[in-house]
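A closer look at the structure
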Amino acid sequence: MKVSATTVRYIKLGAGGRWENSLDRAELHFGYGSVTHELAREGNRAKIITHLIALGRSPQATARDAQEVADFYDLDEACLWITFARDHLWWTFAEREVTWVKPDPTRAGERFRWCNTDINGTPLKISSLSTKLTKVAS
């Protein structure tokens, strides 16, 4: 089996890993609850930046925030998503459509499968990975 991706993105599983249990449900969750699902789907980064600044976010951070929101909503199935949890590197390819998770409007995500093994079935333990890769989580 060969794994091929056009892009790779790291995704944090919430503050303090609060969405780590989403791995058990084969879901990927994304924050930025202050950016509505409708605004994110529109994909207008300038509007997202203006919205976040109006909420008190620093102008320096809003460009990065808007890019992360846009990536979560815009990247297609060829994007490889990675995260670190439970002493493993986890990876997945996601469905393109983003589903708003209700009733909590601060959570959005799409259901899809996670994997924490390499293509040969060997667990991707953090302790066995290059520090160049694991520094991404910092």
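Let us look at the structure shown here. (Residues numbered from 1 in each chain as written. Predicted model: local features only at pLDDT ≥ 70, side-chain atom pairs only at ≥ 80, totals over all residues. Heavy atoms only, no water.)

For the rest of this paragraph, the subject is the environment of A15. You can see A15 is positioned in the loop between β1 (7-10) and β2 (27-30). Here the alpha-carbon distance between A15 and I119, two residues 104 residues apart in the chain, equals 29 Å. (Helix = DSSP H or I, 4+ residues; strand = E, 2+ residues; numbered from the N terminus.)

Once that is clear, we can look at the pattern of salt bridges. In total, this model carries eight salt bridges according to the counting rule given. As a salt-bridge pair, D65 and R64 come within 3.3 Å of each other at their nearest N and O atoms. A residue is classified by how much of its surface remains accessible, and D65, at 0% relative accessible area, is buried. Relative accessible area serves as the criterion here: at 47%, R64 is assigned to the partly exposed category. With a shortest N-O distance of 3.7 Å, E68 and R64 are connected by a salt bridge. One end of the pair, E68, and the other, R64, are both in helix α3 (residues 59-74), four residues apart, so they sit about a helical turn from each other. Salt bridges sharing partners connect three or more residues here, namely R57, R64, D65 and E68. (Salt bridge = Lys/Arg side-chain N within 4 Å of Asp/Glu carboxyl O. Buried < 20%, exposed > 50% of the residue type's maximum accessible area, 1.4 Å probe, protein only.)

With mixed pairing, the three strands of this open sheet are ordered in space as β1-β3-β4. Both edges of this open sheet fall to β1 and β4 (88-93), since each of them pairs with a single strand only. Within this sheet the neighbouring strands show an average axis-to-axis angle of 25°, counted without direction. Bridge count between β1 and strand β3 (residues 79-85): four bridges; the pairing is parallel. Each bridged residue has a counterpart across the sheet, and for T7 the counterpart in β3 is C79. (Pairing = 2+ DSSP bridges. Axes fitted to C-alpha atoms, helices over the stretch in contact; angles between N-to-C directions.)

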